[in-house]
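Tertiary structure, described
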Amino acid sequence: MTKTITNNIRRLRFDHDEMTQKALADLVGVSRQTVVAIEKGKYSPSLEVAFKIAEIFEISISEVFQYVEQ
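Concerning the side chain of R13
Looking at the secondary structure, you find R13 in helix α1 (residues 9-15). A polar atom in the side chain of R13 sits 2.5 Å from the side chain of E39. Contacts of R13, omitting those with residues within four sequence positions, involve E18, M19, T20, Q21, L24, E39 and F57.

What follows is the structure in structure tokens.
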């Protein structure tokens, strides 16, 4: 079994007044394409970006990202 990083960013955006990928990207300081790639699991963010995302949603990093067996 291999482990991969999953995330709840899409649901979190939806729960926060349907925040757009662009709005989240602007708040984090990355491109919209980076947010798309992170959401789709194609790119693992740096720790700094991961913490910024968690801070924006006012939750812990483990509530945003999970390291699970696939």
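From this point, the discussion proceeds with the structure in view.
A short note on the nonpolar core
Of all hydrophobic cores here, the largest spans 15 residues; its most connected members are I9, L24, I53, F57, V64 and F65. Contributions of two or more residues to this core are made by α1, α2 (21-28), α3 (32-39) and α4 (47-56). Contacts of L24, omitting those with residues within four sequence positions, involve I9, R13, M19, V35, I56 and F57.

Some words on the environment of L27
Mapped onto the elements, L27 comes out in helix α2. Linking L27 and P45, residues 18 residues apart in sequence, is a C-alpha distance of 15 Å. When residues no more than four places from it in sequence are discounted, the contact partners of L27 are M19 and I56.

What counts as what
Residues numbered from 1 in each chain as written. Predicted model: local features only at pLDDT ≥ 70, side-chain atom pairs only at ≥ 80, totals over all residues. Heavy atoms only, no water. Helix = DSSP H or I, 4+ residues; strand = E, 2+ residues; numbered from the N terminus. Polar contact = N/O pair within 3.5 Å; in protein donor to acceptor, adjacent residues only side chain to side chain. Contact = heavy atoms within 4.5 Å. Core = buried A, V, L, I, M, F, W, Y, C linked by side-chain atoms within 4.5 Å. Buried < 20%, exposed > 50% of the residue type's maximum accessible area, 1.4 Å probe, protein only.

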